[in-house]
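Structural description and commentary
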Amino acid sequence: MNNGNYARFLEDTAAAAPDVLAVIESLPTGELRQLTFLEMRDAVVRRRSALAAAGCGPGQRVLSLAPAGSRFLINVLALLSLGSVPVLLDPGFPAEALKRCLRDAGTQLAIASEAARDHFIGVPGFDGIERWLVDSVDAHTGDSRPLVSEPVDEGAIALVLFTTGSTGAPKGALLTH
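Here goes a summary of the coordinates provided.

Before going further, it helps to spend a moment on the nonpolar core. Counting residues in hydrophobic clusters, the biggest one holds 28 residues, and the most contacted among them are L10, M40, V44, L51, C56, L80 and L133. For this core, the elements supplying multiple residues, two or more each, are helix 1 (8–16), helix 2 (37–53), helix 3 (70–82), strand 5 (109–112) and strand 7 (157–162). Among the elements that make up this core, the one with the highest residue count is helix 3 (7 residues). Excluding residues within four positions of it along the chain, V44 makes contact with L10, I74, L77, A78 and L147. One finds F93, A110, A112 and F162 within the second-largest nonpolar core, a separate group that totals 20 residues.

Here it is, written out as structure tokens:
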């Protein structure tokens, strides 16, 4: 097995261009958040540690309900580095479509904001999710440890994405490393 893990690109880029901007996002306050590749790598390392401690591991499909932005990217890259398979859904899907997607993806663990967790916990169809992790990553404190990516085969499933369902039921698409 080689290390075709997609998350490796972040460590390589953080080493080659640590001060180059990786993310620029507009916050609800109107301020801009900017993260360099080194800051992004450090945030992913912290999130990876927390997710590993919570039981995320290779091959495990994990629902990520983080909104678009740096937190979303940090969660996805941390999961990929663990060899986990992020399952990406739009929380705005109708309830029936969300339930079908969760069932099809075989998701047992979810990462969400406290508000999203509280909204979905106990909703029929979400009862297959055994554990909810609250997304509380702080992208602004440093951690200089390297990002270690679990070795995965390049043909291993990296992500499960669902179509919008604009022409019928949402369909899962599997992307590989």
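Quick look at the environment of G30 now. Its location among the elements puts G30 in the loop between strand 1 (21–26) and strand 2 (32–36). Spatially, the C-alpha atoms of G30 and R48 are 29 Å apart, while their sequence positions differ by 18 residues.

Moving on: helix 3. Compared with an ideal rise of 1.5 Å per residue, which puts 13 residues at 18 Å, helix 3 spans 18 Å between its outermost C-alpha atoms and is within 8% of the ideal. Listed in full, the buried residues belonging to helix 3 are S70, I74, N75, V76, L77, A78, L79, L80, S81 and L82. Following helix 3 by one or two positions, G83 adopts a phi angle in the positive range, close to 85°.

Glancing now at the packing of helix 2 against helix 3. Packing of helix 2 against helix 3 brings their axes to within 8 Å, and their N-to-C directions diverge by 60°. One finds that helix 2 runs oblique with respect to helix 3. Our pair here, helix 2 against helix 3, has a crossing hand that is right-handed. Counting all contacts with helix 2, which are made through M40, A43, V44, R47, R48, L51 and A52, the residues of helix 3 involved are L73, I74, N75, L77, A78, L79, S81 and L82. The class makeup of the residues in the contact of helix 2 with helix 3 is 11 nonpolar, 2 polar and 2 charged.

A word on the sheet that holds strand 7. In sheet architecture, strand pairing relies on hydrogen bonds along the backbone and comes in two forms, parallel and antiparallel. One open sheet accounts for 6 strands, arranged 6-5-3-4-7-8; its pairing is mixed. Every other strand in the sheet has two partners, leaving strand 6 (131–134) and strand 8 (172–176) as the edge strands with one partner each. Across the sheet, the axes of successive neighbouring strands diverge by a mean angle of 25°, strand direction being ignored. Across 4 bridges, the pairing between strand 3 (residues 61–64) and strand 4 (residues 85–88) is parallel. Each residue of the ladder has a partner; that of V62, found in strand 4, is P86. Of the strands in this sheet, strand 3, strand 4, strand 5 and strand 7 are in contact with helix 3, which crosses strand 4 at around 145°.

Glancing now at the side chain of T36. Counting through the fold element by element, T36 comes out in strand 2. Contact partners of T36, with chain neighbours within four places excluded, come to P18, D19, V20, L21 and A22.

About the cut-offs
- Residues numbered from 1 in each chain as written.
- Predicted model: local features only at pLDDT ≥ 70, side-chain atom pairs only at ≥ 80, totals over all residues.
- Heavy atoms only, no water.
- Core = buried A, V, L, I, M, F, W, Y, C linked by side-chain atoms within 4.5 Å.
- Buried < 20%, exposed > 50% of the residue type's maximum accessible area, 1.4 Å probe, protein only.
- Helix = DSSP H or I, 4+ residues; strand = E, 2+ residues; numbered from the N terminus.
- Contact = heavy atoms within 4.5 Å.
- Expected span 1.5 Å × (residues − 1).
- Axes fitted to C-alpha atoms, helices over the stretch in contact; angles between N-to-C directions.
- Parallel < 35°, antiparallel > 145°, perpendicular 65-115°, else oblique.
- Left-handed = near helix turned anticlockwise from the far one by under 90°.
- Nonpolar A, V, L, I, M, F, W, Y, C, P; charged D, E, K, R; others polar.
- Pairing = 2+ DSSP bridges.

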